[in-house]
Amino acid sequence: MTSQTPLRPGLIKRMLPRSLLGRSLLIILLPLVLLQAVALQIFYGSHLDVVSRRLAAAVAGEIATTVDLMRRQPWSADRGWILQGALDRYEIAMRFDPGATLAVRTRKDIIGPMDDDLGMALSDKLHLPFAMDWKADTHSVLLQIQLPDGVLIADVPRKRLYTGMIYLFVVWLAGTALVFFGIAALFMRNQVRAIRRLAQAAEAFGMGRDHGPIKPEGASEVRQAATAFNRMQERIRRFLAQRTEMLAGVSHDLRTPLTRLRLALAMLPYVSQGAEMRGEVAEMTADVEEMERMIGGYLAFARCEGAEQAQPVNLVAVLEDVAAGARRSGAAVVLETPEELTLPLRADAVRRAITNLVDNARRHARHVALAVTQLPGRSVQVTVDDDGPGIPPDRLESVFRPFESDAAGGTGLGLTIARDIVRAHGGDIVLEDSPLGGLRARIRLPV
Ligand SMILES: Nc1ncnc2c1ncn2[C@@H]1O[C@H](COP(=O)(O)OP(=O)(O)OP(=O)(O)O)[C@@H](O)[C@H]1O
Ligand SMILES: [Mg+2]
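This section reports on the structure supplied with the text.

Reading the values: the criteria
Residues numbered from 1 in each chain as written. Chains lettered and ligands numbered in written order. Predicted model: local features only at pLDDT ≥ 70, side-chain atom pairs only at ≥ 80, totals over all residues. Heavy atoms only, no water. Near = heavy atom within 4 Å. Polar contact = N/O pair within 3.5 Å; in protein donor to acceptor, adjacent residues only side chain to side chain. Areas by Shrake-Rupley, 256 points an atom, 1.4 Å probe, with all protein chains shown as cover. Helix = DSSP H or I, 4+ residues; strand = E, 2+ residues; numbered from the N terminus. Axes fitted to C-alpha atoms, helices over the stretch in contact; angles between N-to-C directions. Left-handed = near helix turned anticlockwise from the far one by under 90°. Contact = heavy atoms within 4.5 Å. Nonpolar A, V, L, I, M, F, W, Y, C, P; charged D, E, K, R; others polar. Pairing = 2+ DSSP bridges. Phe/Tyr/Trp six-rings, centres within 6.5 Å; stacked < 30°, edge-to-face > 60°. Lys NZ or Arg CZ within 6 Å of the ring centre and 35° of its normal.

Another aspect to go through is the site of ligand 1. If you check the shell around ligand 1, you find 20 residues, and the closest are Asn360, Asp386, Ser405, Asp406 and Thr411. Separating a nitrogen atom of ligand 1 from a side-chain N or O atom of aspartate 386 is a distance of 2.8 Å. The side chain of aspartate 406 places a nitrogen or oxygen atom 2.4 Å from an oxygen atom of ligand 1. For ligand 1, whose accessible area on its own is 600 Å², the fraction buried by protein is 92%. Of all the elements in the fold, those that place two or more residues in the shell around ligand 1 are α9 (347-364) and α10 (414-424). Counting residues per element, the shell around ligand 1 draws most heavily on α9, at 4 residues.

This is the structure:
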């Protein structure tokens, strides 16, 4: 049994071009070149072969005739006449070296079958020892034939033995392949450009960078995809706007009756209240205040979601802002950032997201550390660390749900909003253990 090397599919895959442009060019060119190569082989094999054999036979016949004449005419005067005739009629320059023996060794192996064909034809027709040198001169073949009384030296012009057809065909093959490649590349590039533009638009939209509808162009399928993308983009945009408007509207409308309620509670005639009643009023007031806080949260969120557009923003400045705000309200915040890190962001929204995280950290811990780093690849990472109690592993995901809160005075919307904002930028937030001992919130944002 022979052991076979398994064909690794990964290898072929890795060798194929990855881009659509490369692949489509390969699909067009490979059959073309194969076709040409097969055509060339068939033509060359059947046609040029025959031509070469016939030319070689003709030349060998002429030389054999000359040799025969030479052998019959031993007088050098006659021989001169014979050699002159060969030059005039056959275009083969010959001279006779009396008393010599074969002085060259056969050198051949050129591209094509001409050398073998000539060798075969000569041995067929001469029946004399001979040698031929194909390497001495590029325009002719040097022949030496051993006669009984000396050596006949002939310079056979190569053009008598073959035409430049073979080279012409190789040039033709390479040339047409190149021309086709150029034309195909030109047309394919336009098609691929349309697809690439669509991919870029989809990616930008996913990162919250809204560049508006894209112009449908290219092949009809690509246009169709672009139109569908535009429609989808529009629908999502409308949906988001609707959601935000509704949230803002409801929050806003609830605010007025709530304020009225709180005022009414405060205005309740104090004297008429018993001690028990007073406790209940205080509880009701606290409830109303919590509702107001929640509504404030919704409104702030809705404002963030609003019309703000992504623009190049220095993320470091945003973090410095948040840290300064937290320090003003008495927190110990350490900030570790590069000089500057600019990327397209909706600045107010991102400020809100990070503020929410820092607020959480402040609420549960004494020390807060904020850091931003550029990750390899196209993203940046912001971390918010604290030295508080942290969150048990089984709650790390559930705290992102709205109204998941166990903090006094918390509404449970902080993390929900923060994640919403970061995801709308095409990034994400995860919670994990912090090297400081408490919780680490890690934000990844695409650049
Ligand atoms: N740094 C932290 N350390 C410990 N627990 C945390 C931390 N951050 C959040 N949590 C937990 O996750 C819960 C949800 O946090 P989230 O920010 O969503 O709401 P909240 O802080 O309670 O209220 P809000 O932020 O809306 O005022 C918190 O109630 C708290 O239990
Ligand atoms: Mg919070």
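On to the packing of α9 against α10. Taken N-terminus to C-terminus, the directions of α9 and α10 make an angle of 145°; their axes are 9 Å apart at the nearest point. Our pair here, α9 against α10, has a crossing hand that is left-handed. Side by side, α9 and α10 meet where Ala349, Val350, Arg352, Ala353, Asn356, Leu357 and Asn360 of the first sit next to Gly414, Leu415, Ile417, Ala418, Ile421 and Val422 of the second. Along the lines of polarity and charge, the residues of the contact of α9 with α10 split into 9 nonpolar, 3 polar and 1 charged.

What follows concerns the sheet that holds strand β1 (residues 93-98). The strand order across the open sheet built from 4 strands is β1-β4-β3-β2, with neighbouring strands paired in antiparallel fashion. Two strands bound the open sheet, and with one partner strand each, they are β1 and β2 (130-133). Across the sheet, the axes of successive neighbouring strands diverge by a mean angle of 15°, strand direction being ignored. Pairing of strand β3 (residues 140-147) with strand β4 (residues 150-157) involves 8 bridges; the strand directions are antiparallel. Residue pairing for β4: serine 140 is matched across the bridge by proline 157. Together, β1, β3 and β4 form the strand contacts of helix α2 (residues 20-72), whose direction differs from that of β3 by roughly 35°. Against the sheet, helix α4 (residues 114-126) makes contact with β2 and β3, and its axis sits at roughly 160° relative to β2, the strand it touches most.

What follows concerns the packing of aromatic side chains. All told, the structure shown has 1 aromatic pair when counted by the stated rule. Ring geometry for phenylalanine 205 and phenylalanine 229: centres 6.4 Å apart, planes at 85°, overall edge-to-face. Separated by 24 residues along the polypeptide, phenylalanine 205 in helix α5 (residues 165-206) and phenylalanine 229 in helix α6 (residues 220-267) bring together distant segments of the chain. The cationic tip of arginine 79 hangs over the ring face of phenylalanine 96; the distance from NZ or CZ to the ring centre is 4.5 Å. Between arginine 419 and the ring centre of phenylalanine 400, over which it is positioned, the NZ or CZ distance is 3.7 Å.

Such coordinate-based values are descriptive only and should not be taken to indicate function.
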